[in-house]
Structure formats: C-alpha cells, structure tokens
Amino acid sequence: MKKIIRFQTLYSLLSLILISFYSAVAFAQDSAASSSTTTSTTTQSTTTVQPWVWVVGGAVLILIIVALVRGNSGGGGAHTDKVTYTKTTSSNDN
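Residues numbered from 1 in each chain as written. Predicted model: local features only at pLDDT ≥ 70, side-chain atom pairs only at ≥ 80, totals over all residues. Heavy atoms only, no water.

S.K.: Even after reading the chapter, I still don't get the overall build of the chain, so can you show me in this structure?
M.R.: Each helix and strand counted, the chain has two helices and zero strands in total. Here the chain holds 94 residues, and the buried ones make up 0% of them. When the accessible surface of the chain is totalled, it reaches about 10,000 Å², and 62% of it is carbon and sulfur. (Helix = DSSP H or I, 4+ residues; strand = E, 2+ residues; numbered from the N terminus. Buried < 20%, exposed > 50% of the residue type's maximum accessible area, 1.4 Å probe, protein only. Areas by Shrake-Rupley, 256 points an atom, 1.4 Å probe, with all protein chains shown as cover.)

So this is what it looks like as structure tokens:
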C-alpha cells in the first residue's frame, strides 16, 4: 500500500513540474509581443464545405453509433441453444 501512495505522490509531483515548465515557456513567448513595433495585417478567408461531406460524415457517425449499440447481439459467436433433458425412472417394488 505504501508503494502505491508513493507512486501517486511522485506522479503528481512530476505532473506539477511539467505543467509549470510549459507555463513558463508560454509566458516567455508572450513577452515578445509587448515590443514597440506594431504591425497590422487584415486577411479574410472563407471556406465552404460541400454538402456531400456533411452527408457522408453523418452516415459514418450513424454507422458507428449503430455498431456500438448493437454490440455482439447481432450474431456470430454469441447464440443460445435450448436443451430439454428428460429423465425416466422406474422402481420394482414387490
């Protein structure tokens, strides 16, 4: 039990150090934006997605949902058989 607690503590500490490092790198990149040179650029870009892309995407999504909902109940290896067992007994009482 002690090893599990120590592993979780070590994992948490390592995660905290890694997140702090990424945060420091992000702040270091942000300081360059405060320079006195100002450049303004305006770009306008429009992209249109063809309607057939939405139809194909919707069909694939529906197929995935149906496959997940059905699971293994659609046949294949999972089936049940009904077995009836009859036992006849007789006794010879004189």
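S.K.: Is there a simple way to think about a nonpolar patch on the surface in this case?
M.R.: A cluster of nonpolar residues, Val49, Trp52, Val53, Trp54, Val56, Val60, Ile64 and Leu68, forms a patch on the protein surface that exposes about 870 Å² of accessible area. By secondary structure assignment, the location of Trp54 is in helix H2 (residues 51–70). According to the relative accessible area criterion, Trp54 is exposed, its value standing at 64%. (Patch = residues over 30% accessible without salt bridge, like charges linked within 9 Å, V, L, I, M, F, W, Y side chains within 5 Å. Salt bridge = Lys/Arg side-chain N within 4 Å of Asp/Glu carboxyl O.)

S.K.: Would you take a moment to explain H2 for this structure?
M.R.: With 20 residues, H2 extends 29 Å from end C-alpha to end C-alpha; this agrees with the ideal 28 Å at 1.5 Å per step. Burial analysis of H2 places just zero of its 20 residues in the buried class, a small minority of the element. (Expected span 1.5 Å × (residues − 1).)

S.K.: Would you mind showing me how to read the packing of aromatic side chains here?
M.R.: The tally for this structure, following the rule as stated, stands at one aromatic pair. Their ring planes at 55° and their centres at 6.0 Å tell us that Phe21 and Tyr22 sit as a pair that is tilted. Using a relative accessible area of 51% as the deciding quantity, one classes Phe21 as exposed. (Phe/Tyr/Trp six-rings, centres within 6.5 Å; stacked < 30°, edge-to-face > 60°.)

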